[in-house]
Amino acid sequence: MQSLQTRDIPEVVKKRMIQLCTLLASFSKEKITSQEIKALTGWTDSTIRHDFWLLDLKKGVSNGYFTAELKSELEEKLGLKADSEAPKKNLCIVGLGRLGAALLDEDYFLESGFVIKAGFDSNLYRVEILRSSFPLYPASEMEFVIKKEKIEYAVLTVDSKNACKMAEKLCRAGIKGIVNMTEAVLTVPENVKVENISVVNALKLIK
C-alpha cells in the first residue's frame, strides 16, 4: 500500500489520529497496546485497525507499539512533523473577549508550527488595555494588516452574531483557513477551509 498524502486522509481519520498524537505525548509507558489505545480513546478495535491500516503504520511490535515511535510516525503521516527550518505559518486572533484574550499567550502555540502575528477586536478599549507580545489592532484595520503581515490563518472568537461578517472580511483579505470557535455557521469560498470548534455544540452532542 502506498503512503497517503495528507490531503487524501479522510477528515474523520485525521481528527482521530491527531487526538491520538496528543494522548501519546502524555502517555508515560515505553510501549502502548491496542487495548490501551482503545481504553484511552473509546474507539472500537475495528476503528483502530482501519485507521492504522489506512495510514500504513509500520511501527508495531508483537505486544503493541513503541510509544515515541508511533507518535513520530503518526506526525510524519499527518504532516505534523516539526521542521525547524520550515517557516512558521502566520496566524491572527479575531475577537479579544474572554476566549480570545486567553489565546494571546504565544506559549499556547509554541509547538504548533504557527506564530501569532496580530490580534483584532471591534472594541477599541480592549485593543488598548490588553497586553501581548504581538500587535493588537482595531477590526477596521484587519484586511490591511492581514495582507501586510502575510497572515494565512485565523482563530475566530467574536460574538456569534458578528462571526459571519468577520469571516467575510477574513476571506477578502486572503485568509486560507479559519478555526471557528463561535456557534455561527460560516459561508466561505471553496478555497477557504473552516474548522468548527464550539464547546456549546459539543456539549449538545454528548448530553
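Just above, that's the structure.
Structure report, in brief. (Residues numbered from 1 in each chain as written. Predicted model: local features only at pLDDT ≥ 70, side-chain atom pairs only at ≥ 80, totals over all residues. Heavy atoms only, no water.)

**Points about the overall build of the chain**
We count it as follows: Strands are runs of DSSP state E lasting at least 2 residues, helices are runs of H or I lasting at least 4, and numbering of each runs from the N terminus. Per-residue accessibility, obtained with a 1.4 Å probe over protein chains only, is compared with the maximum for each type, and a residue is labelled buried under 20%, exposed over 50%, and partly exposed between these values. Working rule for contacts: check all heavy atoms of both residues, and any pair within 4.5 Å makes them a contact. For every accessible area listed, the method is Shrake-Rupley and the probe measures 1.4 Å; residues are considered covered only by the protein chains on display.
Helices and strands together make up the secondary structure of the chain, namely nine helices and nine strands. Within the chain, the fraction of its 207 residues that count as buried is 37%. Within the chain, contacts between residues at least 6 apart in sequence are counted, and of these 56% link residues at least 24 apart. Surface accessibility of the chain: about 12800 Å² in total, with carbon and sulfur atoms responsible for 53%.

**Some details on helix α4 (residues 67–77)**
Owing to its 3.6 residues per turn, the α-helix aligns residues three or four sequence positions apart on the same side. Among the residues of α4, T67, L70, E73, L74, E75 and K77 are the ones counted as buried. Phi turns positive one or two residues past the end of α4, at G79, with a value near 75°.

**Some details on the packing of aromatic side chains**
The cut-off we apply is this: Working definition: rings of Phe, Tyr and Trp (its six-membered ring) pair if their centres are within 6.5 Å, and the pair is stacked with planes under 30 degrees apart, edge-to-face with planes over 60 apart, and tilted otherwise.
Overall, the coordinates contain three aromatic pairs when judged by the stated rule. Seen in terms of ring centroids, F52 and Y65 are 5.3 Å apart; in terms of plane orientation they differ by 85°. Their pairing is edge-to-face. Of this pair, F52 sits in helix α3 (residues 45–54) while Y65 sits in strand β3 (residues 64–66), placing them 13 residues apart in sequence. Among the residues examined, F52 registers a relative accessible area of 6% and is labelled buried.

**Remarks on helix α8 (residues 160–172)**
We apply this condition: Expected span of a helix: the number of residues minus one, times 1.5 Å.
Taking 1.5 Å of rise per residue, the 13 residues of α8 would be expected to cover 18 Å, and the 19 Å separating its terminal C-alpha atoms lies within 8% of that figure. Buried residues of α8: A163, M166, A167, L170 and C171, and no others. On its buried face, α8 is in contact with β4 (89–94), α7 (142–148), β7 (153–156) and β8 (177–180). Looking one or two residues past α8, G174 carries a phi angle of roughly 100°, positive in sign.

**As for the pairing of β7**
Put simply, the rule is: In this analysis, strands are considered paired if DSSP registers two or more bridges between them. A crossover counts as right-handed when, viewed with the strands pointing away from the observer, the path leading from the first strand over the helix to the second turns clockwise.
Taken together, the four bridges between β4 and β7 define a ladder with parallel strand orientation. Bridging across to β7, I93 finds its partner in V155. Strand direction decides the pairing type here: β7 and β8, joined by four bridges, are parallel. Paired with Y153 across the bridge in β8 is G177. The parallel pair β7 and β8 is bridged by α8, and the resulting crossover is right-handed.

**A few points about the sheet that holds strand β9 (residues 193–196)**
Within a sheet, adjacent strands bond to each other through the backbone by hydrogen bonds, running parallel or antiparallel. Let me state the cut-off plainly: Geometry is summarised by axes, namely lines fitted to C-alpha atoms with helices restricted to the contacting stretch, and by angles between N-to-C directions that run from 0 to 180 degrees.
Spatially, the six strands line up as an open sheet ordered β6-β5-β4-β7-β8-β9, and their pairing is parallel. Among the strands making up the open sheet, the edge pair consists of β6 (136–138) and β9. With strand direction ignored, the average angle separating the axes of adjacent strands in the sheet is 25°. Pairing geometry for β4 and strand β5 (residues 114–121), over six bridges, is parallel.

**A closer look at the environment of S122**
Residue position: S122 is located in the loop between β5 and α6 (124–129). Each C-alpha atom of the pair S122 and V94 lies 9.1 Å from the other, and the pair is 28 residues apart in sequence. Apart from the residues within four sequence positions on either side, S122 is in contact with A139 and M166.

**As for the side chain of T182**
To be explicit about the condition: In the analysis that follows, any N or O atom pair within 3.5 Å is treated as a polar contact, provided that within protein one partner can donate a hydrogen and the other can accept it, and provided that, for residues neighboring in sequence, both atoms belong to side chains.
Looking at the secondary structure, you find T182 in the loop between β8 and β9. T182 sits in the buried class, given a relative accessible area of 5%. Among the polar contacts listed, one links the side chain of T182 to the backbone nitrogen of A184, at a separation of 3.1 Å. Excluding residues within four positions of it along the chain, T182 makes contact with L156, T157, V158, S160, A163, I197 and S198.

**Some details on unusual backbone geometry**
Within the chain, K150 stands out as a residue other than glycine whose phi angle is a positive 55°. Tracing the sequence through the fold places K150 in the loop between α7 and β7.

**Things to note about the environment of Y137**
One can find Y137 in strand β6. Separated by 43 residues in sequence, Y137 and V94 place their C-alpha atoms 9.7 Å apart. Beyond its immediate sequence surroundings of up to four residues, Y137 is in contact with A118, G119, F120, D121, V127 and V145.

Just geometry here; none of it tells us what the structure is for.
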